[in-house]
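Spelled out, the chains give:
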Amino acid sequence: MTDRFDRTCDVTIVGGGPAGCATGVFTARSDLETCVLDRGPSSIHHCGYLENYLGFPAGIDIETFCALAEEHARKAGCAVVHDQATAVTQHEDGFEVETEDGRSIRTDCVVAATKYDPDYLRSLGHEDAMFETYDRDEETHERFDDSYPEDDGTTPIEGLYIAGALADIPDQVLISAGHGAVVGRRIRADSRREMGY
């Protein structure tokens, strides 16, 4: 798959950090046409230097690491699109992801691999189960319920997966990437099961 984006794909991953890119590597290598949307606030950019990622014993700066992760996803076959999801809606035959730059992406499944601003999921209409309220400083606040997904990233909505921080996975890059791989393998298994394997 080239960087020219056809606006239809098998898997759309919202978030191009460690969890999202790792998920994409697994899905794209399984011959699932994969798009990674990567633009918006990212927690990894709050780090100055990465010292605990396997394969880099001397450490690596964040910009270089992120560029390598994106390049790995591209070489695996992902289209990496620098755009931000604003809404995800479900249809009988999959999902539609709308973006800040006006794209409308039709996709069989969606992976939410972001840490911040999961509001793009509200349009799925399952807000009561996906978001929870809590009180702080005498005010009521709302956040994504990290118990909503199962450990393998599956959710009550068929075709919606959660990878990384939204699934209550620690922020450590290696752990987040590992969870992305788990989710990618699950998507591959679900896809193969639908094909009769």
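Residues numbered from 1 in each chain as written. Predicted model: local features only at pLDDT ≥ 70, side-chain atom pairs only at ≥ 80, totals over all residues. Heavy atoms only, no water.

**A short note on the environment of Ile187**
Turning to step 1, where the next piece is worked out: Note that Ile187 resides in helix 4 (residues 173-194).
Turning to step 2, where the next piece is worked out: Along the primary structure Ile187 and Gly15 are separated by 172 residues, whereas in three dimensions their C-alpha atoms are 16 Å apart.
Turning to step 3, where the next piece is worked out: Ignoring any residue separated from it by four or fewer positions in sequence, one finds Ile187 in contact with Val11, Thr23, Thr27, Leu32, Cys109, Val111 and Tyr161. (Helix = DSSP H or I, 4+ residues; strand = E, 2+ residues; numbered from the N terminus. Contact = heavy atoms within 4.5 Å.)

**Let's talk about helix 1 (residues 18-28)**
One turn of an α-helix holds 3.6 residues; hence residues three or four places apart share an orientation.
Turning to step 1, where the next piece is worked out: For helix 1, the tally of buried residues reaches 10 of 11 residues, placing the bulk of the element in the interior.
Turning to step 2, where the next piece is worked out: By the burial criterion, the buried members of helix 1 are Pro18, Ala19, Gly20, Cys21, Ala22, Thr23, Gly24, Val25, Thr27 and Ala28.
Turning to step 3, where the next piece is worked out: Along its buried surface, helix 1 packs onto strand 1 (8-14), strand 2 (34-37), helix 2 (62-76), strand 8 (104-112) and helix 4. (Buried < 20%, exposed > 50% of the residue type's maximum accessible area, 1.4 Å probe, protein only.)

**Examining the pattern of salt bridges**
Turning to step 1, where the next piece is worked out: Inspection of the entire model under this criterion finds 16 salt bridges.
Turning to step 2, where the next piece is worked out: Across the pair Arg193 and Asp190 runs a salt bridge, and its minimum N-O distance is 2.5 Å. One end of the pair is Arg193 and the other is Asp190, both in helix 4 and 3 residues apart, which spans about a single turn.
Turning to step 3, where the next piece is worked out: Arg193 sits in the partly exposed class, given a relative accessible area of 48%.
Turning to step 4, where the next piece is worked out: Salt bridges here are not isolated pairs; linked through shared partners, they connect Arg39, Asp83, Glu100, Asp101 and Arg103. (Salt bridge = Lys/Arg side-chain N within 4 Å of Asp/Glu carboxyl O.)

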